[in-house]
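Fold and geometry: a report
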Amino acid sequence: MTTNAGSNAALAQAQRLLQTGDYPGAMTALRAAVAREPLNFMALFMLGTLESHFARYDEAERHLSQALALDPRSPEVLASYGNVLLELKRPDRKSTRLNSSHVSEFRMPSSA
């Protein structure tokens, strides 16, 4: 996985927007990062997690699934993905990747 300057700038912008509480702006920046670099793990993970937070579960499932394909052992993605599947009432989907120890509430780290 390589990263490009445009997606890195969009990720940095998304981080700043998240810190100021501008979630719609952060979502726009993350979508731009994914558009520039569709295999950017962090952009996919952050976008999917933010979409989940705003109950955009179908979109979150797609982006978290893509992140999971890039890093199938990421506990953060597994937890977020499991939560989304539960919200979508599809807990059996991808059941070979998930188990109850992976399903928990994930929060973005704060910048305290």
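Scroll up to find the structure.
What follows is about the packing of helix H1 (residues 5-19) against helix H2 (residues 23-36). In helix packing, the relevant descriptors are the interaxial angle and the interaxial distance, both defined with respect to the helix axes. The contact between H1 and H2 brings their axes to 8 Å, and the two run at 165°. The orientation of H1 relative to H2 falls into the category roughly antiparallel. Both H1 and H2 take part in a crossing whose hand is left-handed. Mapping the contact onto sequence places Gly-6, Ser-7, Ala-10, Leu-11, Gln-13, Ala-14, Leu-17 and Leu-18 in H1 and Tyr-23, Gly-25, Ala-26, Ala-29, Leu-30, Ala-33 and Arg-36 in H2. Here the residues of the contact of H1 with H2 sort into ten nonpolar, four polar and one charged.

Going through the model one piece at a time under the given rule, you end up with two salt bridges. The closest approach of N and O atoms between Glu-51 and Arg-31, which form a salt bridge, is 3.8 Å. Of this pair, Glu-51 sits in helix H3 (residues 41-53) while Arg-31 is found in helix H2, placing the two residues 20 residues apart along the sequence. We classify Glu-51 as buried; its relative accessible area is 0%. As a salt-bridge pair, Arg-31 and Glu-59 come within 3.0 Å of each other at their nearest N and O atoms. Taken together, the residues span a long stretch of sequence, with Arg-31 in helix H2 and Glu-59 in helix H4 (residues 57-70) at a distance of 28 residues.

The rules we used
The residue count restarts for each chain, going from 1 along the sequence in the order it is written. Side-chain atom pairs in this predicted model are given and counted only at pLDDT of 80 or more, local residue features only at pLDDT of at least 70, and totals for whole chains, interfaces and linings cover all residues. For side-chain calculations, the full set of non-hydrogen atoms in the structure is used, while hydrogens and water are omitted. Throughout, an axis means a line fitted to C-alpha atoms (over the contacting stretch in the case of helices), and angles, computed between N-to-C directions, take values from 0 to 180 degrees. Helix and strand definitions here come from DSSP, where helices need a minimum of 4 consecutive H or I residues and strands a minimum of 2 consecutive E residues; each element is numbered from the N-terminal end. When an angle is under 35 degrees it counts as roughly parallel; over 145 it counts as roughly antiparallel; between 65 and 115 it counts as roughly perpendicular; any other value is oblique. A clockwise turn of the near helix away from the far one marks a right-handed crossing, whereas an anticlockwise turn of less than a right angle marks a left-handed crossing. The contact rule is simple, with two residues in contact once any of their heavy atoms fall within 4.5 Å. The nonpolar class holds Ala, Val, Leu, Ile, Met, Phe, Trp, Tyr, Cys and Pro. Asp, Glu, Lys and Arg form the charged class, and all remaining residues, Gly among them, are polar. By definition here, a salt bridge exists when the distance from a side-chain nitrogen of Lys or Arg to a carboxyl oxygen of Asp or Glu is within 4 Å. Exposed residues in this analysis have more than 50% of their type's maximum accessible area, buried residues have under 20%, and partly exposed residues fall in between, with area computed by a 1.4 Å probe over protein chains only.

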